[in-house]
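So you can see what is in the structure, the chains are spelled out below.
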Amino acid sequence: MKQATLAGAVGALLLVAAGAMAEEEASPHSFSGAAALGTDYMYRGQSQTGNNPAVSGTLNYKYTSGGFADVYLGTWASSINFGGNLELDWYGGLIGAFGDSGLGWEAGFLYYQYPGQNQGDELDFVEGHLGLSYSMPDLPGAPSANFKMHFSPEWQLNTGDSLYTEGNVGFTLPYSFGLSFHVARQNVDDNATWGTPDWTEWNVYLSRPLGPVVIAVGYQDSNLDKSECFGGSNICEGRAVLSISAGF
């Protein structure tokens, strides 16, 4: 199983950038981080905390090259209720743009690690992704959109190939509110071992900064009914999620 709130992320949701410190010229090296508290940790439409609150945090590094691509590296951790009660993610990649067209691209990886898992649980796995983004800052609401494909050759629990395809749209609203929409499809090679059929999940979030704090409230759901969710579990049910985060 896995993650939520965004906090990974939308989701799943809460990376906060910080400006680089410099004296005369901006440094190409920047660091940022955030801590978050959420009413749940939803990963691809499934609660990772047994429908309970989650605490998460992230640390990020970015190198702005001024050329072909920028480089990013980071780690994200969250409380969970399985596999040792901790998920630790390590990620990195490249981000670039096609001139001043508003069109960008990304290529990266993410390693999901569960440090306290029992031997033989086979929870850790690696996923790579490719993505395109488009922003229109001059239009009302400054709309932006991105599309990503995530692939793992051996997903969690040794369930074979995994393909996760997602689309996201965001808008800036009056009074500093932000509105985002997300829809995605998860395909797993060995559904019987995993515990559910392939599924579609979606969410909508409204957020607003209040000083150094960002408050986000949203609704997440999937097309899995209770009988399809790990033998009758309720962790796939739709729900409202509230999160509070602070960045530095």
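Residues numbered from 1 in each chain as written. Predicted model: local features only at pLDDT ≥ 70, side-chain atom pairs only at ≥ 80, totals over all residues. Heavy atoms only, no water.

## Considering the overall build of the chain
To be explicit about the condition: Each helix corresponds to a stretch of at least 4 residues labelled H or I by DSSP, and each strand to a stretch of at least 2 residues labelled E; elements are numbered beginning at the N terminus. The Shrake-Rupley method, run with a 1.4 Å probe sphere, supplies the accessible areas, and residue values consider only the shown protein chains as cover.
Scanning the chain from N- to C-terminus turns up one helix and 14 strands. Within the structure as shown, the chain displays about 12300 Å² of accessible surface, and the carbon and sulfur contribution to it stands at 63%.

## Some details on the packing of aromatic side chains
Heads up, the condition is: Within 6.5 Å between ring centres, the rings of Phe, Tyr and Trp (the latter by its six-membered ring) count as paired, and their orientation is classed by plane angle as stacked under 30 degrees, edge-to-face over 60, tilted in between. Here the term buried applies to any residue with accessible area under 20% of the maximum for its type, exposed to any over 50%, and partly exposed to those in between, with areas from a 1.4 Å probe on protein chains only. Whether a charge sits over a ring depends on NZ of Lys or CZ of Arg being within 6 Å of the ring centre and within 35 degrees of the ring normal.
Enumeration over the complete set of coordinates arrives at 10 aromatic pairs. On the numbers, 6.4 Å between centres and 10° between planes, the contact of Trp194 with Trp199 is stacked. Take Trp194: its relative accessible area is 3%, and that puts it in the buried class. Overall, Trp199 belongs to the buried group, its relative accessible area being 1%. The rings of Tyr43, Tyr112, Phe125, Trp155, Trp194, Trp199 and Phe230 are connected pair by pair, giving a single aromatic cluster. Positioned over the ring face of Tyr164 is Arg44, at 3.8 Å from the centre of the ring. In this structure, Arg208 packs its charged tip against the face of Phe177, placed 5.4 Å from the ring centre.

## So, the pattern of salt bridges
Filter applied, for reference: One side-chain nitrogen of Lys or Arg within 4 Å of one carboxyl oxygen of Asp or Glu is enough to make a salt bridge.
Using the criterion set out here, one finds four salt bridges in the structure. Among the ionic pairs, Arg239 bridges to Asp40, the shortest N-O distance being 2.8 Å. One end of the pair, Arg239, is in strand β14 (residues 239–247); the other, Asp40, is in the loop between β1 (29–38) and β2 (42–43), and 199 residues separate them in sequence. Here Lys62 ties to Asp70 by a salt bridge, and the two come within 4.0 Å at their closest N and O atoms. Relative accessible area serves as the criterion here: at 34%, Lys62 is assigned to the partly exposed category.

## Focus on the state of the cysteines
Convention followed: The disulfide criterion used throughout: a pair of cysteine sulfur atoms within 2.5 Å.
Tallying each qualifying case throughout the model produces one disulfide. Through a disulfide, Cys229 is tied to Cys236; the S-S separation comes to 2.1 Å. Across the S-S bond of Cys229 and Cys236 the torsion is about 75°, and the bridge reads as right-handed. Its relative accessible area of 2% is what places Cys236 among the buried residues.

## A closer look at the pairing of strand β11 (residues 178–188)
Heads up, the condition is: Only when DSSP finds a minimum of two bridges between them are two strands counted as paired.
Summarising the sheet, strand β10 (residues 162–172) and β11 pair through 11 bridges and their orientation is antiparallel. Within β11, the position partnered with Val169 by the bridge is Phe181. Here β10 hands over to β11 after five residues, with Tyr175 in that stretch at a positive phi of 60°. Here β11 pairs with strand β12 (residues 199–210) via nine bridges, running antiparallel. Within β12, the position partnered with Val183 by the bridge is Trp202.

## Some remarks on the nonpolar core
Across soluble globular proteins, nonpolar side chains have a tendency to be buried as a group. The test is simple: In plain words, nonpolar cores are sets of buried Ala, Val, Leu, Ile, Met, Phe, Trp, Tyr and Cys residues tied together by side-chain atoms within 4.5 Å.
If you look at the biggest cluster of nonpolar residues, it comprises 21 residues, and the most contacted ones within it are Tyr41, Tyr43, Tyr112, Tyr114, Trp155 and Trp199. Listing elements by their share of this core, those giving two or more residues are β5 (70–79) and β7 (103–113).

## Some thoughts on the confidence of the model for the chain
Our working rule: The predictor rates its confidence in each residue with pLDDT, a number between 0 and 100. Whether two residues are in contact is decided by their heavy atoms, any of which lying within 4.5 Å being enough.
Across the chain, the average pLDDT comes to 90, with 90% of residues at 70 or higher. Predicted confidence is poor over residues 1–24, with pLDDT under 50, and the contacts of this stretch with residues over four places away or in other chains come to 82 contacts.

## Brief notes about the sheet that holds β10
Applied cut-off: The angle between two axes is taken between their N-to-C directions and runs from 0 to 180 degrees, where each axis is a line fitted to C-alpha atoms and a helix contributes only its stretch in contact.
In space, the 12 strands of this closed barrel follow the order β1-β4-β5-β6-β7-β8-β9-β10-β11-β12-β13-β14, with antiparallel pairing throughout. Here the strands of the sheet are splayed against their neighbours by 20° on average, with no regard to which way each runs.

## What about the pairing of strand β8 (residues 125–135)?
Pairing analysis gives 10 bridges linking β7 to β8, with the strands arranged antiparallel. Each residue of the ladder has a partner; that of Trp105, found in β8, is Leu132. Across eight bridges, β8 lies against strand β9 (residues 144–152) in antiparallel orientation. Across the sheet, residue His129 finds its bridge partner in β9, namely His150.

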